[in-house]
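Structural overview for review
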Amino acid sequence: MPHEPVIIAGAGPIGLACAISAKRRGIDPLVIDAGALANSIVRYPINMTFFTTPERLEIGNHPLVCAGAKATREEALKYYRGVARAEGLRVRAFTKLIGKNEVETQLGREAISWDKLVLATGYFDHVNTLGVPGEDLPHVRHYFDEAHLSYGQDVVVIGGKNSAVEAALQLFRAGARVTIVYRGKAWPKSVKYWLRPDLENRIKAGEIQARLGSEVALITDRDVMVRGALGNEERIPASRVYPLIGFHPDFELFKRIGIAFDPASGRPAVNPDTLETSVPGVFVAGSVTGGNKISEIFIENGRFDGEKIFGSSSERRRAQDLYEGIRRETGE
């Protein structure tokens, strides 16, 4: 791989937005990604519809046109492919950054060199795990795929936030026998306002089983052992198990590059104006700047980070104003 003026690791919406910011200032960056272009959206459930309105997903002033009020997964993928094509962005997919000067491709490892390195790697490739026996069994999936596959099956969903609640509802409507297990004693306030009553009504009607204040202790080929707050144990039949308990950035990559970060919060040490890390020439963009607080930064506000990295002082101030102007209400 030849020397590059800028390498952007992450070909998601934020990485592409950063590439556009660089290119419009006369820099031709190379965008790499461990997966496909917009790989995090590729991992979204089939036929998923974004909660966010289309204009908040737009990058580079390219309009996102969709058939309904909100974009679907397929429409978003088509949009970001189109933006990359229209902007002439150089994207090298299935090329994973594994160190400060090294990538891993389908053909092996390669050395890289750059003047600037931007980490827009997000968090979606690194799932939070339960740390219990049986979690690596083939019927256990940390990403929700398609509810239809679970028709007539006993399914356990683990988690209590939006992804888990929405999965439980879709599975029920696809004909699965669903139990949702959550360690909290009540559903969190962040559950979307239209999902909460739906779930509560399904539970009240006995159509979905719920185990609040409970944690998973063991997963086997046939069932899930759940332990309640009082120490009581219960085995719940399950031929499919979905631990949907969130994600985190690649902290090991931070360590290999030498980026200083707070071990408790996971937040990297950055210059708030330019997003440069403790390693000169290495910048972060998007959700990785928030560490474990992945709900603070998303496409809607992270898409301005490229202006902070490549823009002038006045452009950085404008980007910060736009960043602060994006707010999500509770439940989004």
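Heads up: these notes are all about the structure in this document. Only a predicted model underlies this, so the values are computations on that prediction, with no experimental measurement involved.

As for its placement among the helices and strands, Val 42 is situated in helix α2 (residues 39-42). Remark: the alpha-carbon pair of Val 42 and Arg 81, spanning 39 residues in sequence, is separated by 12 Å. Contact partners of Val 42, with chain neighbours within four places excluded, come to Leu 37, Arg 73 and Leu 77.

Quick look at the sheet that holds strand β6 (residues 108-111) now. Taken in spatial order, the three strands of this open sheet run β4-β5-β6, and their pairing is antiparallel. Whereas interior strands pair on both sides, the edge strands pair on one side only; in this sheet they are β4 (96-99) and β6. Ignoring which end each strand starts from, the neighbouring axes of this sheet average 35 degrees apart. Judged from the four bridges that link them, strand β5 (residues 102-105) and β6 form a sheet pairing that is antiparallel. Across the sheet, Glu 104 pairs through a bridge with Arg 109, a residue of β6.

Let's shift gears to the packing of aromatic side chains. Using the criterion set out here, one finds 15 aromatic pairs in the structure. A ring pair is formed by Tyr 44 and Phe 124, whose centres lie 5.6 Å apart and whose planes are at 85 degrees; its orientation type is edge-to-face. Of this pair, Tyr 44 sits in the loop between α2 and α3 (73-87) while Phe 124 is found in the loop between β7 (114-119) and β8 (154-158), placing the two residues 80 residues apart along the sequence. Overall, the relative accessible area of 21% leaves Tyr 44 in the partly exposed class. Seen from their ring centres, Phe 124 and Phe 247 are 4.4 Å apart, and the 40 degrees between their planes marks the pair as tilted. With a gap of 123 residues between them, Phe 124 in the loop between β7 and β8 and Phe 247 in the loop between β14 (240-243) and α6 (251-257) connect regions that are remote in the sequence. Judged by relative accessible area, which is 15%, Phe 124 ranks as buried. For Phe 247, a relative accessible area of 16% puts it in the buried group. In textbook terms, an aromatic cluster arises when at least three aromatic residues are bridged by ring pairs, as seen for Tyr 44, Phe 50, Tyr 123, Phe 124, Tyr 143 and Phe 247. Against the face of Tyr 143 rests Arg 43, its NZ or CZ located 4.2 Å from the ring centre.

Turning to the nonpolar core, a few remarks are in order. Counting 35 residues, the largest nonpolar core has Ile 8, Cys 18, Phe 50, Ile 59, Tyr 80, Val 118 and Ile 309 as the members making the most contacts within it. It is helix α1 (residues 13-23) that provides the largest number of residues to this core, a total of seven residues. Ile 309 has contacts with Cys 18, Lys 116, Val 118, Thr 274, Leu 275, Phe 283, Val 284 and Ala 285, leaving out every residue within four places of it along the chain. Ala 147, Val 178, Ile 180 and Val 191 belong to the second-largest nonpolar core, a separate cluster that totals 21 residues.

Okay, the sheet that holds strand β11 (residues 215-219) next. Sheet strands pair by backbone hydrogen bonding; their relative direction is either parallel or antiparallel. On the basis of which strands lie adjacent, the open sheet formed by three strands has the order β11-β12-β13 and antiparallel pairing. At either end of the open sheet lies a strand with only one pairing partner, and these are β11 and β13 (233-237). In this sheet, neighbouring strand axes are inclined to one another by 30 degrees on average, regardless of whether the strands run parallel or antiparallel.

In this section: helix α5 (residues 195-204). Among all positions in α5, only Leu 195, Asp 198, Leu 199 and Arg 202 are buried. Down the axis, α5 shows its buried residues gathered within 95 degrees of arc, on one side only. Taken together, the buried residues of α5 touch α4 (162-173). One or two residues past the end of α5 sits Gly 206, with phi positive at roughly 80 degrees.

Before going further, it helps to examine the pattern of salt bridges. Following the criterion strictly, the structure yields 23 salt bridges and no others. Between Asp 145 and Arg 240 there is a salt bridge, and its shortest N-O distance comes to 3.3 Å. Of this pair, Asp 145 sits in the loop between β7 and β8 while Arg 240 sits in strand β14, placing them 95 residues apart in sequence. A residue is classified by how much of its surface remains accessible, and Asp 145, at 22% relative accessible area, is partly exposed. On the basis of relative accessibility, which here comes to 10%, the residue Arg 240 falls in the buried class. Among the charged side chains, a salt-bridge network with shared partners connects Arg 173, Asp 198, Arg 202 and Glu 207.

The next subject is the pairing of β13. For strand β12 (residues 223-227) and β13, the ladder comprises five bridges, and the chain directions are antiparallel. Paired with Arg 227 across the two strands is Glu 233, which belongs to β13. What sits between the antiparallel neighbours β12 and β13 is a turn of five residues, in which Gly 231 has the positive phi angle 90 degrees.

What counts, and where the lines are drawn
- Residues numbered from 1 in each chain as written.
- Predicted model: local features only at pLDDT ≥ 70, side-chain atom pairs only at ≥ 80, totals over all residues.
- Heavy atoms only, no water.
- Helix = DSSP H or I, 4+ residues; strand = E, 2+ residues; numbered from the N terminus.
- Contact = heavy atoms within 4.5 Å.
- Pairing = 2+ DSSP bridges.
- Axes fitted to C-alpha atoms, helices over the stretch in contact; angles between N-to-C directions.
- Phe/Tyr/Trp six-rings, centres within 6.5 Å; stacked < 30°, edge-to-face > 60°.
- Buried < 20%, exposed > 50% of the residue type's maximum accessible area, 1.4 Å probe, protein only.
- Lys NZ or Arg CZ within 6 Å of the ring centre and 35° of its normal.
- Core = buried A, V, L, I, M, F, W, Y, C linked by side-chain atoms within 4.5 Å.
- Arc of directions from axis to C-beta.
- Salt bridge = Lys/Arg side-chain N within 4 Å of Asp/Glu carboxyl O.

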